[in-house]
Amino acid sequence: MRKIIHCDCDCFYASVEMRDDPNLRGRPVAVGGSSDRRGVISTCNYEARSFGVRSAMPTSHAKKLCPDLIVVPGNMKKYREVSAQIREIFLSFTDIIEPLSLDEAYLDVTDSPHCNGSATLIAQEIRTRVHKELGITISAGVAPNKFLAKIASDWQKPDGLTVIHPNAVEDFVLRLPVKKIHGVGRVTAEKMHRAGIHTCSDLRRFSLVELAQKYGKFGNRLYHLCRGVDDRPVSGDGSRKSVSVEHTFSEDLKNLEDWQEQMTSLYGRLQERIEKLGDRYEISAAIVKVKYADFTQSTQERGSRAARISEFKQLLQQCWEKRSEPIRLLGVGVKLRDLRAELGPEQLPLPFRGQRPATT
């Protein structure tokens, strides 16, 4: 039985800015781009959220919802430094850490000797130290697996701690709304609701075959998650799954020629990032993303080992054929395979005589 903690900072960027500028506290604050440059909100505090302001919202629209909104430009260098400090606190309790972003991570404390082996006490100690040492708050969820721990961390936000004991999993999951399942977006949730599926209990009426027929590959995962089953380990190898670049334009790109021209520039930036990865990774797919003037978006993907510019042009052509309307954002990226992880320990070089092989 695993003991998993999911930690998630509350309004991370905004919290750091409020910590560093006391004048911002108690006022609606967002971190993002300027409204006169078609900026987008990265995150906002709860005062701003009460007006309907949300992440990924255009700054201009956010200012209409909340005229008193204070928009602060982001400082990624500072946020990375705080993130590194949080990680040092995590490492005080376990070295099995899977970061999901600068402000979010899974921790496996199954074998941690701290706090008499209590995952609940470890989570509370982490929250106390983050607040005391760094001046921000962090919410945590404790559960026997990653799926439930992540849901739990969001249950009592902000500054909350929710614990799902192994003997309480069944009751908790039966009542869990399907929209809380990671991967069930708004469209899928609405589809489920129309079919009379509102909770995990409702999902359990369907067999594995039926769910696979309804939801494809995701149906298999739904079958297990609605029963509270998630065998994924906390992976602390720091492996990247993808790399991408994107740009939001000051004026919409109205025709395919403009799309292609801007994509060529983005492709150059993408190649620079890929080169920095070294030989640990292999490209497995090429991806193009466009966001239209109405903020809906579309992606096209194809398997690829080289990610040539001709492949991205073909994907962009498919986006255009699917919907030939002005776009405000264009992105290109690749999916990656981690060759080091796939080789496994048996493929490591032999140690020198008299030395024992390193263990992971």
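Given the structure is predicted, the values throughout are model-derived calculations rather than measurements.

1. Comments concerning the overall build of the protein chain
Thinking step 1. Counting its secondary structure elements, the protein chain contains 14 helices and 12 strands.
Thinking step 2. Against the compact-globule benchmark of 21 Å for 360 residues, the protein chain has a radius of gyration of 23 Å, which places it among compact chains.
Thinking step 3. The C-alpha extent of the protein chain, read off along each of the three principal axes, is 65 × 60 × 50 Å.
Thinking step 4. For the protein chain, buried positions account for 41% of its 360 residues.
Thinking step 5. For the protein chain, the computed accessible surface area is about 19900 Å², with 49% contributed by carbon and sulfur atoms.

2. What about the packing of helix 12 (residues 256-276) against helix 13 (residues 309-322)?
Thinking step 1. For the pair helix 12 and helix 13, interaxial distance at closest approach is 10 Å and the crossing angle is 140°. What the angle tells us is that helix 12 and helix 13 run oblique. Relative to helix 13, the crossing made by helix 12 is right-handed. Contacts between helix 12 and helix 13 pair Leu256, Trp259, Gln260, Met263, Thr264, Tyr267 and Leu270 from the former with Ile309, Phe312, Lys313, Leu316, Gln317, Cys319 and Trp320 from the latter.

3. Digging into the pattern of salt bridges
Thinking step 1. The tally for this structure, following the rule as stated, stands at 23 salt bridges.
Thinking step 2. The shortest N-O distance in the salt bridge between Glu190 and Arg186 comes to 3.4 Å. Residue Glu190 and its partner Arg186 are located together in helix 8 (residues 186-194), separated by four residues, close to a single helical turn.

4. Thoughts on the packing of aromatic side chains
Each aromatic ring pair is characterised by the separation of its centres together with the angle its planes make.
Thinking step 1. A full pass over the atoms with the stated rule returns six aromatic pairs.
Thinking step 2. Put simply, the rings of Phe12, Tyr13 and Tyr79 pair up and form one aromatic cluster.
Thinking step 3. The lysine or arginine in question, Arg49, covers the ring of Tyr46, its NZ or CZ lying 4.6 Å from the ring centre.
Thinking step 4. Against the face of Tyr292 rests Arg323, its NZ or CZ located 4.0 Å from the ring centre.

5. Considering the confidence of the model for the protein chain
Thinking step 1. Per-residue confidence for the protein chain gives a mean pLDDT of 89; residues scoring 70 or more make up 93%.
Thinking step 2. Low pLDDT, under 50, characterises residues 343-360; the predicted model gives this stretch two contacts beyond four residues in sequence or across chains.

6. Things to note about the side chain of Asp103
Thinking step 1. Note that Asp103 resides in the loop between strand 5 (97-101) and strand 6 (104-108).
Thinking step 2. One buried charge, Asp103, has no salt-bridge partner; the nearest side chain with opposite charge is Lys157, at 6.8 Å.
Thinking step 3. Within the local environment of Asp103, its side chain forms a polar contact with the side chain of Ser101, the two groups lying 2.7 Å apart.
Thinking step 4. Sequence-distant contacts of Asp103, that is, excluding residues within four places in its chain, are made with Cys7, Asp8, Cys9 and Phe12.

7. Points about the sheet that holds strand 4 (residues 70-72)
Thinking step 1. The mixed open sheet is built from three strands, whose spatial order is 3-2-4. The open sheet has two free edges, formed respectively by strand 3 (41-44) and strand 4, since each of these has just one partner strand. Each strand of the sheet is rotated relative to its neighbour by a mean of 30°, with strand direction disregarded.
Thinking step 2. Across the sheet, helix 1 (residues 12-20) is in contact with strand 2 (29-32), strand 3 and strand 4; its angle to strand 2 comes to roughly 115°.

8. Here's the deal with the environment of Glu210
Thinking step 1. With respect to the secondary-structure elements, Glu210 resides in helix 10 (residues 208-215).
Thinking step 2. Taking the relative accessible area as the measure of exposure, Glu210 reaches 35% and is therefore partly exposed.
Thinking step 3. Through-space distance from the C-alpha of Glu210 to that of Ser35 is 47 Å; in sequence the pair is 175 residues apart.
Thinking step 4. In this structure the side chain of Glu210 is engaged in a polar contact, spanning 2.8 Å, whose partner is the backbone nitrogen of Ser207.

9. Remarks on unusual backbone geometry
Thinking step 1. The amide bond that connects Lys157 to the next residue, Pro158, takes the cis arrangement and shows omega of -5°.
Thinking step 2. Within the secondary structure, Pro158 sits in the loop between helix 6 (146-153) and strand 8 (161-163).
Thinking step 3. Despite not being glycine, Cys115 has its phi angle at roughly 50°, a positive value.
Thinking step 4. Here Cys115 shows up in the loop between strand 6 and helix 5 (119-134).
Thinking step 5. Residues other than glycine seldom take positive phi values, yet Asp159 does so here, at roughly 55°.
Thinking step 6. Inspection of the secondary structure assignment puts Asp159 in the loop between helix 6 and strand 8.

Calculation rules
Residues numbered from 1 in each chain as written. Predicted model: local features only at pLDDT ≥ 70, side-chain atom pairs only at ≥ 80, totals over all residues. Heavy atoms only, no water. Helix = DSSP H or I, 4+ residues; strand = E, 2+ residues; numbered from the N terminus. Rg over C-alpha atoms; globule rule 2.2 N^0.38 Å. Buried < 20%, exposed > 50% of the residue type's maximum accessible area, 1.4 Å probe, protein only. Areas by Shrake-Rupley, 256 points an atom, 1.4 Å probe, with all protein chains shown as cover. Axes fitted to C-alpha atoms, helices over the stretch in contact; angles between N-to-C directions. Parallel < 35°, antiparallel > 145°, perpendicular 65-115°, else oblique. Left-handed = near helix turned anticlockwise from the far one by under 90°. Contact = heavy atoms within 4.5 Å. Salt bridge = Lys/Arg side-chain N within 4 Å of Asp/Glu carboxyl O. Phe/Tyr/Trp six-rings, centres within 6.5 Å; stacked < 30°, edge-to-face > 60°. Lys NZ or Arg CZ within 6 Å of the ring centre and 35° of its normal. pLDDT = per-residue confidence, 0-100. Lys, Arg positive; Asp, Glu negative; His and termini not counted. Polar contact = N/O pair within 3.5 Å; in protein donor to acceptor, adjacent residues only side chain to side chain. Pairing = 2+ DSSP bridges.

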